[in-house]
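Secondary and tertiary structure notes
The primary structure of each chain is shown beneath.
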Amino acid sequence: MAGNEAATTPAADAAQAVNKPKRVRTGCLTCRERHLKCDEALPICQNCKKSNRQCKRGVRLNFIDTHVKAPPEVPPTQEWTVSFLDESREIANEYKGGLSKYSALDLDPPAPVENGMAFDFSAGIPPPTSIAHQPLPPIQGILPDPFADDQQNGMFEPQREPSHQHAHSHTESTYSGSHLPGGSSSYGNTEQPATPVEGARDYLDTQEEVLFMQVFVEEVGLWMDSMDPTKHFSRLLPFHALGEPMLLNAFLACGARHLALVNPKYTEDKALHYYDTATRYLLNSLQNPNRDTVICATTAVILNVYEIMCERALQRMNHIAGARALIKECGWNARSTGIGAACFWLNVGMELLSCLHFNWQVAWDPDEWGVNMDFSQETESGREEIWTYRIVYIVAKVANFRATIPRHQEASPRNEHMRLENRYREWQRLKNWADAWNEGIPRTMHPMAYLFPGQTISQSAFPEVWLIKRTTIVARLFYHTCMCLLAQINPYKGPEDDEMRELQIKHSQLICGITAHVKDRGVASVALRSLAIAAECLTTRREQEEVLQIFDKIRQETGWRVGFLNSELKEKWGWNEDPVQPPPQQQQQQNFATTMQNPANMQYQQQQTLQPQVTLQPMQATSLPPAPPARPRPPVGILNPLLATADFAMPQHPYQAYYVAPNPQYVAPNPLSQSQHFTY
């Protein structure tokens with residue numbers, strides 16, 4: 001009997017261990033107080049529901065003040081030093097009542113610095129760290145490895161240029177020259193204090209912050225507000241940023257980054273510092289269930305803009321999916337107003353431009369946006385933005401239609417015929433929408449003036465199309481892009497069909513005419529993608545050269561790299577097969593350049609085919625960077641992989657290590673959420 005008891009005891013213990021309930025880490029505080037296992041149901045667990053108790057959520061920590069009278073002694077050495085940093089009070093300050101557990105802290109006077117400068121990182125402000133050492137939500141695994149390193153962003157890829165001289169633009173950026181205050185000093189100097197003061201401020205009071213905010217408002221905010229009638233990013237949000245350090249650092253990061261793009265005297269060090277600081281503020285806020293989600297979402301959208309302005313943009317996409325997920329968490333869509341609408345349309349607009357470049361499907365189904373598609377003739381004034389939203393929706397549907405073109409035929413001829421008919425009906429529906437949009441828009445969204453190519457002062461190869469309002473320019477570019485794409489993807493008639501080719505050439509000429517004469521830098525992001533699509537069907541050498549000049553003008557004004565667009569277009573035009581011979585006086589320079597790079601990447605020389613009074617300047621051999629070597633592109637036709645998991649309801653959601661679900665009963669006392677201008 002004793003042997004049997006000894007034999008059965010381990011089995012019984014194992015069964016008891018298996019049946020023992022596992023300890024949960026995300027249960028409610030009420031169950032923890034009652035020493036019950038919580039089923040973690042949201043918003044109310046089953047235990048609290050049955051006992052009619054309040055289901056408390058959050059994190060409960062116990063803070064213990066430990067006094068160390070004699071710190072460990074370390075033998076002195078000349079090679080390195082050791083110092084101890086107590087951050088317990090800063091950590092406890094993040095929790096309600098945590099700081100009260102500590103006694104008053106006696107501060108010793110700061111030690112003098114040899115160079116006479118001291119750095120004061122106030123409590124609660126995260127110190128600047130290198131992005132390489134700061135763990136951020138990665139996008140590894142989203143894109144296949146072969147093109148995760150070198151692929152350019154679909155909107156633009158910025159590049160540092162040795163100089164920026166605007167030769168043929170009346171909209172020259174005031175920040176691209178050498179006349180900037182303090183331009184002679186590098187912003188990579190670590191001896192300059194850079195951390196902004198935390199808390200609400202009445203105004204900016206340092207030269208550096210003023211400069212970077214001015215650059216953001218006057219340059220970056222232009223295109224961010226291109227579809228926003230209230231101009232939140234350039235007119236309203238900067239004032240709210242004075243009371244929100246997280247928002248302020250995001251703005252300063254974008255301003256500093258743009259300045260580094262257009263002026264070689266400035267480095268990216270300052271921009272990276274502000275980006276790191278804003279990111280750490282954001283990640284800390286995401287761990288607080290009683291956070292202001294509106295501020296977090298707005299900051300993530302701005303940080304996403306910073307990332308697409310960086311070189312190797314896809315390697316920095318730490319906030320693209322996070323911004324989309326936070327927008328959804330706020331419930332923002334096409335029916336939102338105020339800051340919700342501004343963030344939503346900026347976010348989906350940037351995604352749409354990327355999908356047009358990579359031939360991807362839009363991750364957020366346009367049918368779920370909630371766009372009002374009433375194409376009745378417009379009779380009210382000041383509603384251009386509403387019509388802009390409608391054409392963005394149509395272009396998104398066209399992008400999805402193009403990305404889902406079948407790669408293989410059906411095995412059965414009958415099934416193939418039915419599929420072809422269904423796709424043609426869908427194509428016809430999209431074409432009818434675009435026609436109805438063009439007929440229903442108000443008069444203010446049609447050109448104010450139209451000059452044929454021979455009538456323009458610049459003697460451009462394209463007509464001059466004059467549109468007044470910025471959102472009108474964006475809308476017309478999207479509309480003509482839509483018509484060009486529809487002409488390329490007709491299921492029954494290919495792009496070589498006479499009717500489709502005539503349709504494509506007509507709208508391509510209008511796109512080129514708008515971008516060749518526009519003086520508003522706020523439409524550059526849309527103009528780049530529209531012009532790249534329109535230029536594919538150009539056959540005249542003069543028109544092709546002028547398109548490359550337009551790309552160079554945008555590069556000079558914005559600092560964005562457009563060399564990859566030049567290379568793609570030259571390949572489609574067949575320029576690489578029959579390169580243009582340079583003039584004799586430049587032959588020696590190009591022979592030297594040939595030994596340094598691939599001959600196929602040498603810059604073309606513009607032929608002297610224009611009249612002497614032409615204002616468009618001929619392109620120089622060194623005006624554009626050499627085209628990068630050929631590299632694999634992401635697969636086409638897929639759902640946008642950068643935003644496929646941009647939802648906190650998904651298992652692999654953004655900010656995995658930081659995100660805590662918000663408290664639905666908490667109302668943030670923030671003016672950004674309460675102001676009548678920022679309703680959503």
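Small disclaimer: the values here were computed from a predicted structure and weren't measured.

**Some details on the overall build of the protein**
Across its full length, the protein carries 20 helices and four strands. Taking all 680 residues of the protein together, the buried fraction comes to 49%. Contacts spanning at least 24 positions in sequence make up 75% of the contacts within the protein whose residues lie at least 6 apart. Carbon and sulfur atoms form 52% of the exposed surface of the protein, whose accessible area is close to 34600 Å².

**Digging into the UniProt feature "domain: Zn(2)-C6 fungal-type" (unreviewed entry) in the protein**
According to UniProt, the feature "domain: Zn(2)-C6 fungal-type" (unreviewed entry) maps to residues 27–57 in the numbering used here. End C-alpha to end C-alpha, residues 27–57 measures 8 Å, and it is 35% helix and 0% strand.

**Observations concerning the side chain of Thr299**
One can find Thr299 in helix H9 (residues 293–308). Here the side chain of Thr299 touches Ile295 through a polar contact of 2.8 Å, landing on its backbone oxygen. Not counting chain neighbours up to four residues away, the residues in contact with Thr299 comprise Met246, Leu247 and Ala250.

**Regarding empty space enclosed by the protein**
In this structure the tally under the stated criterion is five cavities of 30 Å³ or more. Considered as a void within the structure, the largest cavity measures approximately 140 Å³ in volume. Every residue lining the largest cavity is counted, 16 residues in all, and those nearest its centre are Trp223, Ser226, Met227, Trp345 and Leu346. Listing elements by their share of the lining of the largest cavity, those giving two or more residues are helix H5 (207–224), helix H11 (338–358), helix H14 (470–488) and helix H16 (524–534). Looking at the lining of the largest cavity, the element that brings in the most residues is H11, giving six residues. Of the residues belonging to the lining of the largest cavity, the class tally is 12 nonpolar, three polar and one charged. In terms of domain composition, the lining of the largest cavity takes at least three residues from each of domain 2 (201–360) and domain 3 (371–405 + 415–574).

**What to know about the packing of aromatic side chains**
This structure, assessed with the given rule, holds 19 aromatic pairs. Centroid distance Trp345 to Tyr389: 4.2 Å. Interplanar angle 5°. Geometry classified as stacked. One end of the pair, Trp345, is in helix H11; the other, Tyr389, is in helix H12 (residues 384–403), with 44 residues separating them in the sequence. Residue Trp345 shares its accessibility class with Tyr389, and that shared class is buried. Arranged with centres 4.4 Å apart and planes meeting at 20°, the rings of Phe358 and Trp360 form a pair that is stacked. The buried category is assigned to Phe358, whose relative accessible area is 2%. Ring-pair connections join several aromatic residues into one group, and the members of that group are Phe344, Trp345, Trp364, Trp369, Tyr389, Tyr393 and Trp433.

Definitions and limits used
Residues numbered from 1 in each chain as written. Predicted model: local features only at pLDDT ≥ 70, side-chain atom pairs only at ≥ 80, totals over all residues. Heavy atoms only, no water. Helix = DSSP H or I, 4+ residues; strand = E, 2+ residues; numbered from the N terminus. Buried < 20%, exposed > 50% of the residue type's maximum accessible area, 1.4 Å probe, protein only. Contact = heavy atoms within 4.5 Å. Areas by Shrake-Rupley, 256 points an atom, 1.4 Å probe, with all protein chains shown as cover. UniProt positions renumbered as here; feature names shortened; annotations may be inferred. Polar contact = N/O pair within 3.5 Å; in protein donor to acceptor, adjacent residues only side chain to side chain. 1 Å grid on protein atoms, 1.4 Å probe; cavity = no way out; pocket = protein on both sides within 12 Å on 5 of 7 lines; lining within 4 Å. Points joined across faces, edges and corners; volume = space filled by probe spheres on them. Nonpolar A, V, L, I, M, F, W, Y, C, P; charged D, E, K, R; others polar. Domains from an automatic or database assignment. Phe/Tyr/Trp six-rings, centres within 6.5 Å; stacked < 30°, edge-to-face > 60°.

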